[in-house]
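Read off the chains here:
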Amino acid sequence: MDPEAARTARESLDLAFHMSNILDTGLDRHTLSVLIALCDLGVNPEALSAVVKELQRERSPSTPMPTPTSSMP
Amino acid sequence: MDEEEQTKLIDLLRELVVRLLSQNPQDTTNPNFQNSFRYALRILSSRLTPSIAPDAAAIAESIKRRLATQGNSSDALTFSDLFTKFSSKTGPGSVNNKWAVLYLLKIISDDRKSVKNVISSSNLLPNLGLNESELSNGSRVLNGKEDKKMSWRNNGVLLVNKDPENLRDVAFREYVNLVKEENEVSEEVLVRDVLYCCQGIDGKYAKFDATVDGYVLSDLVKVPRATRVMVRKLCELGWLFRKVKSYISESMDRFPAEDVGTVGQAFCAALQDELTEYYKLLAVLEAQAMNPIPLVSESANSGNYLSLRRLSVWFAEPMVKMRLMAVLVDKCKVLRGGAMAGAIHLHAQHGDQLVHEFMKRLLRRVCSPLFEMVRSWVLEGELEDIYAEFFVVGQPVKAESLWREGYRLHSGMLPSFISQSLAQRILRTGKSINFLRVCCDDRGWADAGMEAATAAGTTTRRGGLGYGETDALESLVIEAAKRIDKHLLDVIYNRYKFKEHCLAIKRYLLLGQGDFVQYLMDIVGPELSEPANTISSFKLAGLLETAIRSSNAQYDDPDILDRLRVKLMPHGTGDRGWDVFSLEYDARVPLDTLFTESVMARYLRIFNFLWKLRRVEHALIGAWKTMKPNCITSHSFTKLQHAVKLQLLSTLRRCQVLWNEMNHFVTNLQYYIMFEVLEVSWSHFSNEMEAAKDLDDLLAAHEKYLHSIFEKSLLGERSQSLYKSLFVLFDLILRFRSHADRLYEGIHELQARTMESSLSSRDKNKSSRQKNDKYTEPGSWLSDGRKAVTQRAGEFLRNMEQELDALAKEYTSLLEGFLAQLPVQQHVDLKFLLFRLDFTEFYSRLHPIV
């Protein structure tokens, strides 16, 4: 991967992460990058969001305290 | 998806699950992880296509708007800034599916918010998420989650499977599955399809099916029956729309080539306007349908969501209108002009206020050309009707038949909101104007029209009247008709002196002017006794002139005398002058409308009858002149032999009696015709002429006048036989006259012979008489002696007496027949004639059967 592309990718991820924070999605940077990659593979975002929601909710009753990822900058 | 991508996807997903569960990546054997991973895979494979259009900008816009409405305007600004930057990143290394990323973020954010709201309740009541949004969403995701929850709780806390409420859970699940299976297409997509269909465009799923003749959802799409029916119902609007639209475009395409007509054009324009309204509504609905509504999330029941049901409410009113329009279009396909307006009017009689208003609006537009035609016709007499749509039809005719045949009502084009009487009035008013303009060369009607318009309170401008103002139209027409008819009658009476002409016709053609007729009879008599083909009409015209000059007629208006002509009718062989001679009156424009050729022909027939009657009377009077007994003749017979003298006296007596009888008949008939028929009819006619309000009245009065004369003078159809026997009687009387003449010639000759030996003073007398008698044939008896003379005289008198007897017999039988026929006639006045003829009951006593 050439450095130009890598830079663009990083910047894009930064921007997306910013937006994600504004929207208060509770996703960390890494998860977001995985999601973006999945989206680029053509996965239906509705399905993805459902997965995210379900898994997050599954976890929340077992671990009542907030996830460390959501508090990350 | 090829294998490489597949594995990549699996890896990424595994990573994701791990991240989300915050577990050790190495611990992939954990059953919890395995469960979650399988679950995630299932979710992903169940949703292959997103339910919204891939439009990054629209999604971003929607997010921004929501942030702004939540009060985070600074966030919104930051977000839009970030989005601009984000979307500007292109090329290698950048995110390809930007819209997907955005959409993902948006949904996750939405989900988190709603989860926060319900989290406490779902914690406490884990059996079923009973909140409506979850139910309406009704996806497998829920079930999966519940399953998970159950199995997860099975770790020893409690067993919910035994819970009786779980039955409900199962039922709900089944229901949800069912709904999911049936609903392959989301409602929102169907709404969009329906909206397309209603503009006559095929949607993605709902398409026009020519076999069913309507828009239907294709059978391949799996939707519940109720939805299918609903879509079908809603798409009726589309079908109707197609119909109306195609009619409009058809008639507009056809327009320059074929004559659609102004009413048809107005109808199309009005329909087009209604369609524009309809388009506006559709545009609004479409905008509402396009409003970004979260589709997966549980907050789906937001207010502006346009469901099929809502659509059906929205479509209720346009559907009524569109149906009406479609019905009208169907009706009007073959109609045009007034007929079209009438057909539309029939639909306007509707109790529904909405329909009524709609039809009224439409009709105002449709009828405006028609009302304009009425207005210009009534006020200006212009027939602006190039497409033959008006209910008055004009025909190119000669000036004299303009009134009768120039214009007529076309009942097919008469819309039902204009009554027959009003239409007649409209027709007559315009006709009067045209009559004034063409025949009378008059310009005064323009003022009359103007006055009428001001009196009726309408303007003379174009477009002053419209549908629904039939009263105004009627009052305008009535005012105009009143004034124009009055003006027309004024012109006819005063300028064209109709009355004077009628009187002149009565005096000359109906022989009302006695002295004139007497003179005319005297001077043309000898001429008319010649065979018809030797008579010159110029000579007769000169004689007519002489008759006028020598009678009181000379003081009449020269214009009237100018119009009096001699007319010789076409004659056959053997016709005498008497048979072909007649007088004629030249009516000229515009009075030839009243005195048409057929009317003049009837006058001519009356004239012929009266002329014959006059001639018979004249002949009888002429006979009387010769028959008059005087002392000179009676004295001269004293010298005759007794036998001859007796015979002579009896013959003379026979002749006198017969003459008297005939004279009685002719005089009474003459009297009857003159006083009971002509004068009475004339008096009625004069009264009606005064009362006439328009030309039609006048025509009717004149017609009645002629008809009454015709009927009473035995000229009508029903008295044909009577008329014939009358003419036989007349001929007999004329024959009698020639007989009487011959008798008296013979007597004069005899007298001359007997006088030969008498005094010279007698000679003088005789020679003067001989001069008078043109028809004598002297010399037949001259050579004979006195004896022979007496003998011949006796023979001649015998012959004469026999002939007279035969004549009298024939006359009696004819008269008897005539009198017998009289009471059979239906006309009441003929009874008076009988009464007059049989005043002394002489005839009825003679033949008591009669």
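This structure is a prediction, so every number in the text was calculated from the model and none was measured.

1. Overview of the nonpolar core
Okay, so step 1: In this structure, Val194, Phe267, Val366 and Ile733 of chain B are the most contacted members of the largest nonpolar core, which totals 166 residues.
Okay, so step 2: Sequence-distant contacts of Phe267 of chain B, defined by excluding residues within four places in its chain, comprise Cys332, Met340 and Val366 of chain B.

2. Section: the packing of helix H28 (residues 642–691) of chain B against helix H29 (residues 695–712) of chain B
All names here are of chain B.
Okay, so step 1: The N-to-C vectors of H28 and H29 enclose an angle of 170°; their axes lie 9 Å apart at closest approach. With respect to their mutual orientation, H28 and H29 come out roughly antiparallel. Every residue of H29 that contacts H28 at Val677, Leu678, Ser681, His684, Phe685, Glu688 and Met689 is listed here: Leu698, Ala701, Tyr705, Ser708, Ile709 and Lys712.
Okay, so step 2: Split by residue class, the contact of H28 with H29 holds eight nonpolar, three polar and two charged.

3. Points about the confidence of the model for chain A
The predicted coordinates of low-pLDDT regions are not to be read in fine detail.
Okay, so step 1: Per-residue confidence for chain A gives a mean pLDDT of 74, with 77% of residues at or over 70.
Okay, so step 2: Counting contacts from residues 62–73 of chain A, a segment whose pLDDT is below 50, to residues more than four positions away or on other chains yields six contacts.

4. Some thoughts on the pairing of strand E1 (residues 206–209) of chain B
Okay, so step 1: Note that E1 of chain B and strand E2 (residues 214–217) of chain B share four bridges and pair antiparallel. When the bridges of E2 of chain B are listed, Ala206 of chain B appears paired with Leu217 of chain B.

5. Focus: unusual backbone geometry
It is generally the case that most residues other than glycine have a negative phi and that most peptide bonds are trans.
Residues and elements named next belong to chain B.
Okay, so step 1: Even without glycine at this site, Leu511 takes up a positive phi of about 55°.
Okay, so step 2: Relative to the helices and strands, Leu511 resides in the loop between helix H21 (498–509) and helix H22 (514–528).
Okay, so step 3: The backbone phi angle of Leu714 is positive, close to 65°, even though this residue is not glycine.
Okay, so step 4: Tracing the backbone shows Leu714 in the loop between H29 and helix H30 (720–755).

6. Here we look at the interface of chain B and chain A
Okay, so step 1: Facing the 54 residues of chain B at the interface are 46 residues of chain A.
Okay, so step 2: Secondary structure elements with two or more residues in the side of chain B that touches chain A: helix H1 (3–21), helix H2 (31–46), helix H4 (73–88), helix H5 (98–124) and helix H7 (140–153) of chain B.
Okay, so step 3: The dominant element in the side of chain B that touches chain A, judged by the number of residues it contributes, is H5 of chain B, at 13 residues.
Okay, so step 4: A per-class count over the side of chain B that touches chain A returns 29 nonpolar, twelve polar and 13 charged.

Rules behind the numbers
Residues numbered from 1 in each chain as written. Chains lettered and ligands numbered in written order. Predicted model: local features only at pLDDT ≥ 70, side-chain atom pairs only at ≥ 80, totals over all residues. Core = buried A, V, L, I, M, F, W, Y, C linked by C-beta atoms within 7 Å. Buried ≥ 20, exposed ≤ 12 C-beta atoms within 10 Å, placed from the backbone. Contact = placed C-beta atoms within 7 Å. Axes fitted to C-alpha atoms, helices over the stretch in contact; angles between N-to-C directions. Helix = DSSP H or I, 4+ residues; strand = E, 2+ residues; numbered from the N terminus. Parallel < 35°, antiparallel > 145°, perpendicular 65-115°, else oblique. Nonpolar A, V, L, I, M, F, W, Y, C, P; charged D, E, K, R; others polar. pLDDT = per-residue confidence, 0-100. Pairing = 2+ DSSP bridges.

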